[in-house]
Amino acid sequence: MFGQNSGAPGPIQLAYDAAPPHFQAVVMDREGWFEEMDADFETEEASCNSIVQLLTTGKADIGMIGVVPALVVADSDAEASVVSASSKNGFVVLTAESVADRFEADSGGFDAVDGRRFTLGTYPKGSVSDITARYWISNEREASLENVELVHLGGPGAARQALLAGEVDGAVIPEPTPTLIEERTDAPYQRVARVEQFIPGEPAGVTVARDSFAEKRPDAVEAFIDRHASATQFIHDNPDQAATYMSDVYGGESALDASTARAALDSPATQYTTDPHDITSGAEVLAEYAHRLGKTDSRLTADELFDMSYYDRAVGDQ
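Residues numbered from 1 in each chain as written. Predicted model: local features only at pLDDT ≥ 70, side-chain atom pairs only at ≥ 80, totals over all residues. Heavy atoms only, no water.

A few points about the environment of Arg 184
Okay, so step 1: Positionally, Arg 184 belongs in helix H8 (residues 177-184).
Okay, so step 2: You can call Arg 184 partly exposed: its relative accessible area is 32%.
Okay, so step 3: Here the alpha-carbon distance between Arg 184 and Thr 95, two residues 89 residues apart in the chain, equals 17 Å.
Okay, so step 4: Residues contacting Arg 184, with those up to four places away along its chain left out, are Arg 160, Glu 253, Ser 254, Ala 255, Leu 256, Asp 257 and Thr 260. (Helix = DSSP H or I, 4+ residues; strand = E, 2+ residues; numbered from the N terminus. Buried < 20%, exposed > 50% of the residue type's maximum accessible area, 1.4 Å probe, protein only. Contact = heavy atoms within 4.5 Å.)

Encoded structure:
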């Protein structure tokens, strides 16, 4: 755990979640790029919830986290901004083959199944998965949420288990879980939609910097973003090596072998990006729902959430 408050003399304190939505952090760590930067960075791997606490209490300067935790930080008294994207358009709607043909039409599809409500698995209430599911049902499928039972699951492992056990009729989940199910099992599930089709530019992972730090050390923020962009390019240019890194952080060959990770990287739902301009419209949809669901006190606009200036100076049109 970082030992001093941000703003005190010492290394720049960067916390990151090593989950797939912010995979650039793993690449930067494995390639030794944190140590190679001109600025002195101290890094810590932590959960998104822990990073929120580090940022809001001034114990971290920069955090690589999910977009909903980023909204929570930006809505707090910490005065922080999203300075880069990490990934976008990552969620897939997977349903049992027995109900998949319902979604070939342009709307509906949620009639009762065996006398009960249609069940759709998501991550916890207010998560990107949950918001994506609500938007898909209400806005894309033009159906009532009352006809669907949203089953809030703890994460990728729980979602996968619920699907394989037939406990839900479908789920809204990000890569690599859909590919993992397809590659390792004969479970009768198929993809019926991707979030890019109805919330284009929906972010999953982002980078947040505390405003007071960024204003004092714009050089450090820009140096980080430059390396982040290099990590994004590394994933695109070196997918086999990236797949090995992804397998390692996911738990090794028994949890996610490198060949399955490689297939997940090839999925249309795997889109790594550094450019925050790519995710503004999708972020505003998430911000609206996060406010509705009580995750934030205010409904943040893109102008309130993002500071593009660091990216524009560091990367621009490269």
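Observations regarding the packing of helix H3 (residues 48-56) against helix H4 (residues 67-75)
Between two packed helices, both the angle of their axes relative to each other and the distance between the axes serve to describe the pair.
Okay, so step 1: Put simply, H3 and H4 touch, their axes get as near as 10 Å, and they point 20° apart. Of the possible angle classes, the one that applies to H3 and H4 is roughly parallel. The crossing of H3 and H4 is right-handed. Residues Cys 48, Val 52, Leu 55 and Thr 56 of H3 form the contact with H4, whose own contacting residues are Pro 69, Val 72 and Val 73.
Okay, so step 2: Its residues placed into classes, the contact of H3 with H4 shows six nonpolar, one polar and no charged. (Axes fitted to C-alpha atoms, helices over the stretch in contact; angles between N-to-C directions. Parallel < 35°, antiparallel > 145°, perpendicular 65-115°, else oblique. Left-handed = near helix turned anticlockwise from the far one by under 90°. Nonpolar A, V, L, I, M, F, W, Y, C, P; charged D, E, K, R; others polar.)

Here's the deal with the packing of helix H10 (residues 218-237) against helix H11 (residues 239-250)
Okay, so step 1: The N-to-C vectors of H10 and H11 enclose an angle of 105°; their axes lie 6 Å apart at closest approach. With respect to H11, the element H10 is oriented roughly perpendicular. When H10 is examined against H11, the residues Phe 234, Ile 235, His 236 and Asp 237 are found in contact with a partner set consisting of Pro 239, Gln 241, Ala 242 and Tyr 245.
Okay, so step 2: Here the residues of the contact of H10 with H11 sort into five nonpolar, two polar and one charged.

Points about empty space enclosed by the protein
Okay, so step 1: Enumeration according to the criterion identifies one cavity of 30 Å³ or more in this entry.
Okay, so step 2: Of the voids in this model, the largest cavity is the one considered here, and its volume is about 160 Å³.
Okay, so step 3: Pro 20, Glu 175, Ala 269, Thr 270 and Tyr 272 are, among the 17 residues lining the largest cavity, the residues nearest its centre.
Okay, so step 4: Among the elements of the structure, strand S5 (87-88), helix H12 (258-265) and strand S12 (271-272) are those that each provide at least two residues to the lining of the largest cavity. (1 Å grid on protein atoms, 1.4 Å probe; cavity = no way out; pocket = protein on both sides within 12 Å on 5 of 7 lines; lining within 4 Å. Points joined across faces, edges and corners; volume = space filled by probe spheres on them.)

Points about the environment of Asp 312
Okay, so step 1: Relative to the helices and strands, Asp 312 is located in helix H15 (residues 309-314).
Okay, so step 2: Considered as a pair, Asp 312 and Asp 275 are 37 residues apart in the sequence and their alpha carbons are 8.7 Å apart.

Here's the deal with the sheet that holds strand S7 (residues 118-122)
Okay, so step 1: Across the sheet, which stays open at both edges, the five strands sit in the order S8-S7-S9-S6-S10 with mixed pairing between neighbours. If you trace the sheet from one side to the other, it starts and ends with strand S8 (148-152) and strand S10 (189-194), each paired once. If you compare each strand with its neighbour and ignore which way they point, the axes differ by 30° on average.
Okay, so step 2: Where strand S6 (residues 91-96) lies against S10, five bridges are found, and the strand directions are antiparallel. Residue Val 93 lies in a different strand from S10, and its bridge partner there is Ala 193.
Okay, so step 3: Strand contacts of helix H7 (residues 156-164): S6, strand S9 (170-174) and S10, with the helix running at about 150° to S9, the strand carrying the most contacts. (Pairing = 2+ DSSP bridges.)

Quick notes on the packing of aromatic side chains
Okay, so step 1: If you walk through the whole model with that rule in mind, you get 13 aromatic pairs.
Okay, so step 2: Aromatic ring contacts, followed pair by pair, group Phe 103, Phe 110, Phe 118 and Trp 136 into a single cluster. (Phe/Tyr/Trp six-rings, centres within 6.5 Å; stacked < 30°, edge-to-face > 60°.)

Observations concerning the layout of surface pockets
Okay, so step 1: Quantified by volume, the largest pocket comes out at close to 720 Å³.
Okay, so step 2: Forming the walls of the largest pocket are 32 residues, and the residues nearest its centre are Cys 48, Gly 66, Pro 69, Tyr 123 and Ser 127.
Okay, so step 3: Counting only elements with at least two residues in the lining of the largest pocket, the list comes to H3, H4 and helix H6 (128-140).
Okay, so step 4: Examining the composition of the lining of the largest pocket, we find that four residues originate from one element, H4, more than from any other.

Details of the pairing of strand S4 (residues 80-85)
Okay, so step 1: S4 sits mainly inside the fold: six of its six residues count as buried.
Okay, so step 2: Across five bridges, S4 lies against strand S11 (residues 205-210) in antiparallel orientation. Bridge assignment links Ser 84 to a residue of S11, and that residue is Thr 207.

Quick word on the nonpolar core
Okay, so step 1: Grouped together as the largest cluster of nonpolar side chains are 67 residues, with contacts concentrated most on Leu 120, Trp 136 and Val 208.
Okay, so step 2: When neighbours within four sequence positions are excluded, Trp 136 is seen to be in contact with Val 93, Phe 103, Phe 110, Leu 120, Arg 141, Val 192, Ala 193 and Phe 198.
Okay, so step 3: Counting residues in hydrophobic clusters, the runner-up holds 40 residues, among them Phe 224, Ala 231, Tyr 245 and Met 246. (Core = buried A, V, L, I, M, F, W, Y, C linked by side-chain atoms within 4.5 Å.)

Some points on helix H13 (residues 280-292)
Okay, so step 1: With 13 residues, H13 extends 19 Å between its outermost C-alpha atoms, agreeing within 8% with the 18 Å of an ideal straight helix rising 1.5 Å per residue.
Okay, so step 2: Of all the residues in H13, the buried ones are Gly 282, Ala 283, Val 285, Leu 286, Ala 287, Tyr 289 and Ala 290.
Okay, so step 3: Turning to H13, the residues buried within the fold contact H4, H6 and helix H14 (302-305).
Okay, so step 4: Of the residues trailing H13, Gly 294 is marked for its positive phi of about 85°. (Expected span 1.5 Å × (residues − 1).)

Things to note about H3
Okay, so step 1: Taken together, the buried positions of H3 are Cys 48, Ile 51, Val 52, Leu 54 and Leu 55. Along H3, the residues classed as buried sweep out an arc of 165° about the axis, all on the same side.
Okay, so step 2: On its buried face, H3 is in contact with strand S1 (12-16), strand S2 (41-45), strand S3 (62-66), H4 and S11.
Okay, so step 3: Just beyond H3, the residue with positive phi is Gly 58, at close to 75°. (Arc of directions from axis to C-beta.)

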